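Below, each chain spelled out in residue letters.
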Amino acid sequence: GTTAPRNEWIHDGIVRDERLLNLYYNAADVFVAPSMADNLPNTLVEATAAGTPSVTFDIGGCPEVVRHGQTGFVAKYRDAVDLAACIERVLAMPADRKLEMRAECRRVAEREYGVELQAGRYGQLFDTIS
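Residues numbered from 1 in each chain as written. Predicted model: local features only at pLDDT ≥ 70, side-chain atom pairs only at ≥ 80, totals over all residues. Heavy atoms only, no water.

Considering a nonpolar patch on the surface
On the surface, Y122, L125, F126 and I129 cluster together into a nonpolar patch covering about 450 Å² of accessible area. Within the secondary structure, L125 is located in helix 6 (residues 115-129). (Patch = residues over 30% accessible without salt bridge, like charges linked within 9 Å, V, L, I, M, F, W, Y side chains within 5 Å. Areas by Shrake-Rupley, 256 points an atom, 1.4 Å probe, with all protein chains shown as cover. Salt bridge = Lys/Arg side-chain N within 4 Å of Asp/Glu carboxyl O. Helix = DSSP H or I, 4+ residues; strand = E, 2+ residues; numbered from the N terminus.)

Below you can see the structure in the form of structure tokens.
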């Protein structure tokens, strides 16, 4: 038999179905957000909520979601070599370490980005400005 090629890319365009999007995040070994300018990208929060480690540049609010060595890795800003090294670090981790990192992603998402928590924070903000 033949072996399927590794590192295949599948482009499915824009994914609007939240369940399908979650499945994509779950199927990924790592989510890479090489943004050069961003505040707090929803994609990083979504990947974290799905339990998928992320790699991103040290820019804006990205390091708030991606905790270096805990929920993924943060590369030096605009350093493609460091970004690639961070991706390799995730891919080269032993299976048990990958599971630990995935579990930490879920813990962070539930603890800091849950819908009820965010709604409560917005409510507090509105109370202070009204």
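Some words on the packing of aromatic side chains
Enumeration over the complete set of coordinates arrives at 2 aromatic pairs. Considering the side-chain rings of Y25 and F31, the 5.5 Å spacing of their centres and the 70° angle between planes classify their relative orientation as edge-to-face. You'll find Y25 and F31 in the same group, each marked buried. When the ring of F57 is compared with that of Y77, the centres are 6.4 Å apart and the planes differ by 80°; the resulting orientation is edge-to-face. Placement of the pair is F57 in strand 2 (residues 54-57) and Y77 in the loop between strand 3 (72-75) and helix 4 (80-92), with a sequence separation of 20 residues. (Phe/Tyr/Trp six-rings, centres within 6.5 Å; stacked < 30°, edge-to-face > 60°. Buried < 20%, exposed > 50% of the residue type's maximum accessible area, 1.4 Å probe, protein only.)

A short note on the pairing of strand 2
Residues S54 and T56 point to one face of strand 2 and V55 and F57 to the other, with burial holding for every one of them. As judged from the 3 bridges shared by strand 1 (residues 31-33) and strand 2, these two strands associate in the parallel manner. Bridging from a neighbouring strand, F31 pairs with S54 of strand 2. In this region the chain leaves strand 1, passes through helix 2 (residues 42-49) and returns to the parallel neighbour strand 2; the handedness of that crossover is right-handed. Bridge count for strand 2 against strand 3 is 4 bridges, and the pairing is parallel. Bridge pairing links V55 to F73 in strand 3. (Pairing = 2+ DSSP bridges. Right-handed = clockwise from strand over helix to strand, strands pointing away.)

Purely spatial values, then, with no claim about function.
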